[in-house]
Amino acid sequence: MTGCTNDAYLICFNSAGPCRDRLRQADRLDAMSVGEAVAAARPDVIVHQMTGISVAHAGKPDLKHFDRWSVPTIRLRTEGTDHLLAAAEATGVSHFVAQGYANWNGIREGGWVKTEEDPLDLHEGTAVHAAMAALRHVEDVVGRAGGAVMRYGAFYGPGATDDQLVLVRKRQFPLVGDGIGYASWVHLDDAASATVLAVEQKARGVFNIVDDEPAPESEWLPYLAACAGAKRPMRVPTWLARLLAGEVVATMMTERRGFSNAKAKRELGWELRYPSWRQGFKEGLA
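Keep in mind that this is a model prediction, so the values were computed, not measured. (Residues numbered from 1 in each chain as written. Predicted model: local features only at pLDDT ≥ 70, side-chain atom pairs only at ≥ 80, totals over all residues. Heavy atoms only, no water.)

A. Region of interest: the packing of aromatic side chains. Enumeration over the complete set of coordinates arrives at nine aromatic pairs. Taken together, a centroid distance of 5.7 Å and an interplanar angle of 50° make the contact between Trp277 and Phe281 tilted. Within this pair, Trp277 and its partner Phe281 are both found in helix α12 (residues 277-285), separated by four residues, close to a single helical turn. Comparing Trp277 with Phe281 shows no difference in burial state: the two are buried. Connected via pairs of aromatic rings, a cluster forms that spans Tyr156, Phe173, Trp185, Trp220, Tyr223, Trp277 and Phe281. Over the ring of Trp112 we find Arg257; its NZ or CZ atom is 4.1 Å from the centre of that ring. (Phe/Tyr/Trp six-rings, centres within 6.5 Å; stacked < 30°, edge-to-face > 60°. Helix = DSSP H or I, 4+ residues; strand = E, 2+ residues; numbered from the N terminus. Buried < 20%, exposed > 50% of the residue type's maximum accessible area, 1.4 Å probe, protein only. Lys NZ or Arg CZ within 6 Å of the ring centre and 35° of its normal.)

So this is what it looks like as structure tokens:
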């Protein structure tokens with residue numbers, strides 16, 4: 001869902017530096033295993049980046065049946081987050097940073113660009129409701145613990161968009177309807193730098209970690225295709241996209257909102273290496 005890297009992992013930081021490898025073997029849904037791993041690492045900060053969206057964990061992405069495909073990630077964002085927070089409290093970890101999301105979960109009313117003050121859209125009554133509620137859970141419990149939630153936009157960069165590029169080059173990633181649904185992108189390097197700042201500054205609260213240019217599908221998708229050396233994407237009507245790919249895809253491409261990064265830049269002093277997906281796509285794919 002976030003375009004995150006392929007494995008589920010967390011990173012602990014202590015005076016010796018990051019200690020990710022020490023924790024990768026723990027059962028992330030077993031409270032005792034997580035507690036033992038955190039106690040052994042003796043971290044000062046925990047960075048919770050656990051998802052289950054890789055093919056190994058969840059199978060091939062299936063947005064049409066999102067409720068089934070997203071179960072591993074939902075559990076990691078609910079049970080897994082709770083286990084990590086309990087372990088952090090038990091071992092005296094001083095700070096906690098968790099992965100959130102900011103791309104197609106902004107409230108679908110009002111303006112097209114949302115801040116951290118705008119409510120998230122839980123998509124009640126749809127196949128994505130449980131996944132959206134899990135993201136809300138992360139923000140609620142981490143916020144109460146005095147930590148930071150980094151709402152990453154759609155990742156791109158080395159390895160992050162390979163599956164999408166395959167579809168783009170085959171002309172199997174079409175423009176839907178008028179293509180007015182907005183996307184918020186972030187390069188992996190910029191997402192990492194924002195997270196480091198949150199760790200170093202022991203930031204608190206929610207931050208939209210996106211680039212400076214939220215944009216509709218009608219702008220970024222043809223540009224991505226051009227950078228990838230592909231033909232211009234085909235266009236399909238919304239009703240057909242809904243029939244073939246499901247409600248999730250149709251909504252994403254026609255109704256989703258973008259997000260503002262003003263708070264992260266202001267409060268963290270975050271400076272982007274790739275302020276726009278235009279620069280990042282061109283440099284990374286041309």
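B. A look at the pattern of salt bridges. Enumeration according to the criterion identifies 10 salt bridges in this entry. Close ionic contact of Arg75 with Glu79 constitutes a salt bridge, the shortest N to O distance being 2.8 Å. In this pair, Arg75 and Glu79 are both assigned in helix α4 (residues 71-91), four residues apart and thus about one turn of the helix distant. The class for Arg75 is partly exposed, based on a relative accessible area of 36%. In this structure Glu79 comes out as partly exposed when scored by relative accessible area, which is 29%. Its salt-bridge partner being Glu267, residue Arg266 comes within 3.8 Å of it at the nearest N-O pair. Of the residues examined, Glu267 reaches a relative accessible area of 43% and is grouped as partly exposed. Within the structure, one salt-bridge network assembled from shared partners comprises Arg108, Asp121 and Glu255. (Salt bridge = Lys/Arg side-chain N within 4 Å of Asp/Glu carboxyl O.)

C. Main features of the packing of helix α8 (residues 217-227) against α12. At a minimum axis distance of 9 Å, the contact between α8 and α12 shows a crossing angle of 20°. In terms of axis orientation, α8 runs roughly parallel to α12. Crossing geometry of α8 relative to α12 is assigned as right-handed. Contacts from Glu219, Trp220, Tyr223, Leu224 and Cys227 in α8 reach Trp277, Arg278, Phe281, Lys282 and Leu285 in α12. Looking at the contact of α8 with α12 residue by residue, the classes come out as seven nonpolar, no polar and three charged. (Axes fitted to C-alpha atoms, helices over the stretch in contact; angles between N-to-C directions. Parallel < 35°, antiparallel > 145°, perpendicular 65-115°, else oblique. Left-handed = near helix turned anticlockwise from the far one by under 90°. Contact = heavy atoms within 4.5 Å. Nonpolar A, V, L, I, M, F, W, Y, C, P; charged D, E, K, R; others polar.)

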